[in-house]
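Read off the chains here:
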Amino acid sequence: MPDANPPLLAVAGVAAGYGRTEIITGIDLTVHPGSFTAILGANGSGKSTLLRAISGQIPILAGTIRIAGIDLATAPEHAKRQFGYAVDPADLPPDLTGQQYLELIGSIRGCHPHAWPRDDLITTLQFGPWLRTNISAYSLGTRMKLSLMGALLGTPPLLLLDEALNGLDPLILARIRRLLAELCAAGHGLVMSTHMLATIGTTCTEMIMIESGRVAHRWTAPMIAAAGPTGLETMVVATLEGAVKASVLF
Ligand SMILES: Nc1ncnc2c1ncn2[C@@H]1O[C@H](COP(=O)(O)OP(=O)(O)OP(=O)(O)O)[C@@H](O)[C@H]1O
């Protein structure tokens, strides 16, 4: 019998990569309503590859991915309606305006192009002046805002953010953090890859660290709370140092 309250995301034994090269292996990850999972790891460890697999951009080589109980492999269109994914700013279509991009995402999601969790998102993100300008003229931070606005369109149950806070100025960053915290409090799930420990602080409920394509460390909410904002950085840097020493030994 299907689970009446399935997790928002259930990743089990997943392997994925590019062509014949397997980059991530044996990944298990469960995200429940209200949780915020941060994916950490050194450059090139496989964080984006994991998020590309979860969002169905690359095929998986082993394992299963279920989004709100829906199998991504057997019902991809249905599964993809359950999450918003902040695309890499470099992948935004340069010849569209912001408004056209939002209309495109809205048509794919079957929602109004401004159907956000808050009606005033354009004002909150100070995006109004850019709506009718071609994306090719945007700064990195402006592209990042549009990418986040696309992910939030239709207020999906699950948000997948790949280093989606890079390049935002401190005011916009604070506003986005507040909005994401509100969404988690309302029962949405958030998975975000990041190097910005100071930014995620202790707001996440789980942290995983990817090393060479595998989950090498997991920190639960009590462990994160016990470390505190300053201890968190020390803890993660020490873990990364340990990984570098171990790779030198082998
Ligand atoms: N499109 C691609 N084709 C082939 N290999 C790729 C591709 N994208 C990434 N890789 C390789 O996969 C590995 C993991 O890359 P990935 O982008 O997932 O790492 P990451 O942890 O997100 O890194 P960073 O923190 O630098 O963003 C790297 O060795 C990278 O070179």
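Residues numbered from 1 in each chain as written. Predicted model: local features only at pLDDT ≥ 70, side-chain atom pairs only at ≥ 80, totals over all residues.

Going by an unreviewed UniProt entry, the protein carries the name ABC-2 type transport system ATP-binding protein and comes from Acidiphilium rubrum.

Peer 1: Is there a simple way to think about helix α5 (residues 140-152) in this case?
Peer 2: At 3.6 residues per turn, the α-helix brings residues three or four places apart onto the same side. Look at α5: 18 Å from first C-alpha to last across 13 residues, which is about the 18 Å you get at 1.5 Å a residue. Summarising burial for α5: 11 of the 13 residues are buried, a large majority. The set of residues buried in α5 consists of Thr142, Arg143, Met144, Lys145, Leu146, Ser147, Leu148, Met149, Gly150, Ala151 and Leu152. In the core, the buried residues of α5 are packed alongside β6 (83-86), α3 (98-109), α4 (121-124), β7 (158-162) and α6 (170-185). (Helix = DSSP H or I, 4+ residues; strand = E, 2+ residues; numbered from the N terminus. Expected span 1.5 Å × (residues − 1). Buried ≥ 20, exposed ≤ 12 C-beta atoms within 10 Å, placed from the backbone. Contact = placed C-beta atoms within 7 Å.)

Peer 1: Teacher, can you tell me more about the UniProt feature "domain: ABC transporter" (unreviewed entry) in the protein here?
Peer 2: Here, UniProt's "domain: ABC transporter" (unreviewed entry) annotation points to residues 9-237. As annotated, residues 9-237 comprises 34% helix and 28% strand, and the C-alpha atoms at either end are separated by 28 Å. (UniProt positions renumbered as here; feature names shortened; annotations may be inferred.)

Peer 1: Just to check I follow, could you spell out the site of the ligand for this structure?
Peer 2: Every residue lining the ligand is accounted for by Tyr18, Ile23, Gly41, Asn43, Gly44, Ser45, Gly46, Lys47, Ser48 and Thr49. Examining the composition of the shell around the ligand, we find that three residues originate from one element, helix α1 (residues 47-54), more than from any other. By residue class, the composition of the shell around the ligand is two nonpolar, seven polar and one charged. (Near = placed C-beta within 6 Å. Nonpolar A, V, L, I, M, F, W, Y, C, P; charged D, E, K, R; others polar.)

Peer 1: Can you walk me through the environment of Cys184 in this structure?
Peer 2: As for its position among the elements, Cys184 is in helix α6. As for Cys184 and Val14, which are separated by 170 residues in sequence, their C-alpha atoms are 25 Å apart. Beyond its immediate chain neighbours, meaning those up to four positions away, Cys184 contacts Gly34, Phe36 and Leu190.

Peer 1: Got a minute to help me understand α6 in this structure?
Peer 2: The end-to-end C-alpha distance of α6 is 22 Å, a good match for the 22 Å that 16 residues give at a rise of 1.5 Å each. Of the positions making up α6, those classed as buried are Ile172, Ile176, Leu180 and Leu183. The buried residues of α6 all sit within an arc of 70° when viewed along its axis, so they share a single face. Turned more than 90 degrees off the buried face of α6, the exposed positions are Pro170, Leu171, Ala174, Arg178, Glu182 and Ala185. Against the buried residues of α6 lie α5 and β8 (189-193). Directly after α6, the chain includes Gly187, whose backbone phi takes a positive value near 105°. (Arc of directions from axis to C-beta.)

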